[in-house]
Structure formats: structure tokens, C-alpha cells
Amino acid sequence: MAKRKREAAVTSDSILPQKKHYRQRAHANPFSDHALQYPPAPAAVDWAEHYPAFAGTGRAPEFADIGCGFGGLLITLAPLFPDTLMLGMEIRVQVSQYVQDRIAALRVSSQADNPAGASSGPAPYQNVSVVRANSMKFLPNYFAKASLSALFFLFPDPHFKSRKHKARIISPTLLAEYAYVLRVGGIVYTITDVKDLHEWMRTHLENFPLFEPVDEQTLRDEGKGSIIDAVYTSTEEGKKVARNGGDKWLACFRRIDVDR
């Protein structure tokens, strides 16, 4: 029995993609005219293609990781919230392809490790997917109004130069779109190792009338501790910051009802 388990583990690991085969520049210009195909409206998205185990349920993503990188957050959260559909959005072609291949491999390997299947519910990683998309331009094309319960912005490009601040993922114009797709009570999670960027994101979110700050302990008390832990530790950037002994600056905000 132990030998069979070891063989299954070797088989599972051997099919996982390797980052060295998906080389890509660290950043992409969101204002460039990328060759992207996008749906004209959320209703045009066939989510069954992304989540075949949930086909026929009418379900759509509730968690969105904006600029998901190599998918560390998605892969960490997927088994923790097996009934919650999650979507990563990544503009870089090679990186988004890596995440897509990684998810496909994990779906296959999880079935190989558990050939009898789970007693109930979908198999692991069936609830996670990725699209190559420019979220600064096309976010409302994928997500309907008030459809999301969580938005993640983890270690985004800081765009250090002042003339490039317009390319930062948090801005007054974009916050209106984030408020549109996020349901009342939903949470925006931001984290960075750049204090200036942390202050920028925190200040803009504080000044936007549809968001209010919520501290880390409150979220943990509400049962979101596993999400907070993943925000801190699951991404490639987060792990690199930890290895280098750097600081991580977390800021979270709740979508509020302006008429409350």
C-alpha cells in the first residue's frame, strides 16, 4: 500500500508544469493593445468550460484574483472553499498559460490520488480557473453587478515613477468598477511589500464612498483567517519577501451599502 501511494505521488508531481518552460517578462503594459478576446458581457461567458464539474448549476465565480501571477493564491484557496468558484485574471500570456496548465494537472493528479472519488461534491481544483485578460479594461465584461464576494490585489506592480501611477491597479476610476462587481459585504484584499504603494491603495480606498476599512483581526473573527493567511503566504512574491525578511503591508476594505 505504501509503495502504491509513493508511486501515485511521483506520478502526480511529474505532470505538474515547470515555470522554467513559461518564461515571461515580470510586467506588462496595461495600456498596450494586447491581442485579447473578451466576452461582450458576463452573460456571454460559458462558465461550464472553466468549471465543468459545476456545469448546469448556473454558478459563476465569487472570488477574483486580479493579476493572479502563477496562481499561488488560487491553488491554496481552492481546496479550502470547494464550493466557491474562483477566477484568476492575468495579462501575461505565458504566465496565464502556466496557471491554466497547472490547474489542469492538479485536476488530473487529484483524481489519480483519489481514484474512488470523494464521497460527495466535486473533485479538488474543479472550482478554480484562469483567463488571460486585462482587468483594467475588461473586468465588467466578466463579472456581473454584485456577483463577487472577494477581490484580491496581491503584490501588484508598484509603477514607481510618478508618470506611471496612472497604471496602478488601484485608482478612483477603477474603484468604481470594483464596487460595481463586488456585493455589499464583500471584501477587497490588498497586500504589498512597497510601503508607498500600500499608502496609495489604502488612501484611495478610504476616500471612496463605497468602501470602509476592516482590520485583520475582525476578518479573522469572521472566519476569514484562512484567506488572510493565504494572502500573506501563498504567492511567489509573498514567499520571496518572506525569504528576504521584508515587510508585508496588508489593507482590507468592505463593500458597504451607501444607503444604510
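Residues numbered from 1 in each chain as written. Predicted model: local features only at pLDDT ≥ 70, side-chain atom pairs only at ≥ 80, totals over all residues. Heavy atoms only, no water.

The protein is annotated in an unreviewed UniProt entry as tRNA (guanine-N(7)-)-methyltransferase from Psilocybe cubensis. Checking UniProt for the protein, the heading Subcellular location (unreviewed entry) contains the comment "Nucleus". (UniProt positions renumbered as here; feature names shortened; annotations may be inferred.)

Now for unusual backbone geometry. One non-glycine residue, Ala146, lies in the positive phi region at around 55°. Residue position: Ala146 is located in the loop between α5 (135-142) and β4 (148-154). At Phe155, a position not held by glycine, the phi torsion is positive, near 50°. Here Phe155 is to be found in the loop between β4 and α6 (172-181). (Helix = DSSP H or I, 4+ residues; strand = E, 2+ residues; numbered from the N terminus.)

According to UniProt, the positions carrying the feature "binding site: S-adenosyl-L-methionine" (unreviewed entry) are Gly67, Glu90, Ile91, Asn134, Ser135, Leu154, Thr235, Glu236 and Glu237. Among the secondary structure elements, Ser135 is positioned in helix α5. Among the residues examined, Ser135 registers a relative accessible area of 8% and is labelled buried. Secondary-structure assignment places Thr235 in the loop between α8 (216-233) and α9 (236-243). Filtering out sequence-adjacent residues up to four positions away, Thr235 remains in contact with Leu73, Leu154 and Phe155. (Buried < 20%, exposed > 50% of the residue type's maximum accessible area, 1.4 Å probe, protein only. Contact = heavy atoms within 4.5 Å.)

Another point: the sheet that holds strand β5 (residues 182-192). Strands sit in the order β3-β2-β1-β4-β5-β7-β6 across an open sheet of seven strands; the sheet is mixed. Looking at which strands have only one partner, the edges of the open sheet turn out to be β3 (128-132) and β6 (211-213). Adjacent strand axes in the sheet meet at a mean angle of 20° when their direction is disregarded. Bridge analysis of β6 against strand β7 (residues 249-255) gives three bridges, and the strand direction is antiparallel. Of the residues in β7, the one forming a bridge with Phe211 is Arg255. Its contacts with the sheet place α5 against β1 (63-66), β2 (86-90) and β3, and it is angled at close to 150° to β2. Strand contacts of helix α7 (residues 195-207): β5, β6 and β7, with the helix running at about 15° to β7, the strand carrying the most contacts. (Pairing = 2+ DSSP bridges. Axes fitted to C-alpha atoms, helices over the stretch in contact; angles between N-to-C directions.)

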